[in-house]
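Descriptive structure summary
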Amino acid sequence: AYPQDAEAYYMLALMEQDSDLNQEAIQALQECVRLKPDYAPGWTTLARDQMNFGKLELARANLKRALAIDPHYALAHVALGEIENREGHPDLALPLLRLAIKEDPNNVAAYYQLASAERRTGHLQAAQKARGCLDQATLQLDPGLRDLIAQTQAAVDSALLSHRV
């Protein structure tokens with residue numbers, strides 16, 4: 001990477017993530033945000049890697065930084081909602097995830113997390129609706145998944161309605 005090019009460090013981090021070199025990815029992302037502290041994708045991707053290592057408080061702080069830079073950055077809202085969901089606060093996750101979907105209506109991760117948060121708060125019909133939206137967004141990304149989605153949808157719907165999920 002080039003020592004003064006934040007985007008080069010960001011791309012290096014993405015390549016290292018793909019090759020499971022997460023510690024190296026974190027170092028590259030730290031250099032990225034040092035060089036370009038107003039780069040919301042850098043802060044969000046750094047937070048995602050920190051989440052993978054269980055550093056949720058550090059990740060939360062970095063996601064808040066990303067959202068202070070770009071309040072409409074859907075990926076940061078999704079990641080922050082995921083942290084709240086993981087920590088047992090689905091009620092705090094819901095508005096973050098709804099905002100992420102408003103900003104990016106095809107965000108598969110946002111629908112996945114929304115379905116989980118809705119289920120955890122006891123809103124089973126809303127969870128089922130979010131699951132349907134997740135399936136539609138997934139099909140837009142990869143129409144070849146239609147059979148797999150059709151095979152699992154009945155089981156998921158049944159489980160959601162019977163409170164077993």
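Residues numbered from 1 in each chain as written. Predicted model: local features only at pLDDT ≥ 70, side-chain atom pairs only at ≥ 80, totals over all residues. Heavy atoms only, no water.

Quick look at the confidence of the model for the protein chain
Worth spelling out the cut-off: The predictor rates its confidence in each residue with pLDDT, a number between 0 and 100. Secondary structure elements follow DSSP: runs of H or I of four or more residues count as helices, runs of E of two or more count as strands, with numbering from the N terminus.
Taken residue by residue, the protein chain gives an average pLDDT of 82. The fraction at 70 or more is 74%. Of all the helices and strands in the protein chain, helix α1 (residues 6–18) carries the lowest mean pLDDT, 58, while helix α4 (residues 56–69) carries the highest, 97.

Quick look at the packing of helix α6 (residues 90–103) against helix α7 (residues 108–120)
Using the following cut-off: To get an axis, fit a line to the C-alpha atoms, keeping to the stretch in contact for a helix; angles then go from 0 to 180 degrees between the N-to-C directions. Relative orientations are named as follows: roughly parallel for angles under 35 degrees, roughly antiparallel for angles over 145 degrees, roughly perpendicular for angles from 65 to 115 degrees, and oblique for any other angle. When the near helix sits turned anticlockwise from the far one by under a right angle, the crossing is termed left-handed; a clockwise turn instead gives a right-handed crossing. Contact definition: two residues touch when any of their heavy atoms are within 4.5 Å. For this classification, the nonpolar set comprises Ala, Val, Leu, Ile, Met, Phe, Trp, Tyr, Cys and Pro, the charged set comprises Asp, Glu, Lys and Arg, and every other residue, Gly included, is treated as polar.
Across the interface, α6 lies against α7 with an axial gap of 9 Å and an inter-helix angle of 150°. Overall, the two elements α6 and α7 adopt an arrangement that is roughly antiparallel. With respect to the hand of their crossing, α6 and α7 are arranged in left-handed fashion. Facing Pro90, Ala93, Leu94, Leu97, Arg98, Ala100 and Ile101 of α6, the residues of α7 in contact are Ala110, Tyr111, Gln113, Leu114, Ala117, Glu118 and Arg120. Grouping the constituent residues of the contact of α6 with α7 by class yields 10 nonpolar, 1 polar and 3 charged.

Remarks on the packing of helix α5 (residues 74–86) against α6
Two elements in contact, α5 and α6, have axes separated by 8 Å at closest approach and are oriented at 160°. The pairing of α5 with α6 is recorded here as roughly antiparallel in orientation. α5 and α6 meet at a crossing whose hand is left-handed. The residues of α6 that touch α5, namely those facing Ala74, His77, Val78, Leu80, Gly81, Glu84 and Asn85, are Pro90, Leu92, Ala93, Leu96, Leu97, Leu99, Ala100 and Glu103.

A short note on the packing of aromatic side chains
To describe a pair of aromatic rings, one takes the distance between the centres and the angle between the planes. Let me state the cut-off plainly: For Phe, Tyr and Trp, where Trp contributes only its six-membered ring, two rings pair if their centres lie within 6.5 Å, and the inter-plane angle classes them as stacked under 30 degrees, edge-to-face over 60, or tilted in between. Here, a charge over a ring means that NZ of Lys or CZ of Arg falls within 6 Å of the ring centre while also lying within 35 degrees of the ring normal.
Enumeration according to the criterion identifies 0 aromatic pairs in this entry. Over the aromatic face of Trp43 sits the side chain of Arg65, whose NZ or CZ is 4.6 Å from the ring centroid.

Notes on helix α8 (residues 124–141)
Heads up, the rule is: For a helix, the expected span equals 1.5 Å multiplied by the number of residues minus one. Each residue is placed in one exposure class: buried if its accessible area under a 1.4 Å probe, protein chains only, is under 20% of its type's maximum, exposed if it is over 50%, and partly exposed if it falls in between.
For α8, which comprises 18 residues, the first-to-last C-alpha distance of 26 Å matches the rise-based estimate of 26 Å (1.5 Å per residue) to within 8%. For α8, the complete set of buried residues consists of Leu124, Ala127, Ala130, Arg131, Leu134, Asp135, Ala137, Thr138 and Leu139.

Digging into the nonpolar core
Just so we agree on the cut-off: Among buried residues, the Ala, Val, Leu, Ile, Met, Phe, Trp, Tyr and Cys ones that are joined through side-chain atoms within 4.5 Å form a nonpolar core.
If you look at the biggest cluster of nonpolar residues, it comprises 19 residues, and the most contacted ones within it are Leu46, Met51, Leu63, Ala76 and Ile83. Sorting the residues of this core by element identifies α2 (22–35), α3 (40–52), α4 and α5 as the ones contributing at least two each. Sequence-distant contacts of Met51, that is, excluding residues within four places in its chain, are made with Leu56, Ala59, Leu63, Ala79, Glu82, Ile83 and Arg86. Among the nonpolar cores identified, the runner-up in size contains 15 residues, and Ala74, Ile101, Ala110 and Ala130 belong to it.

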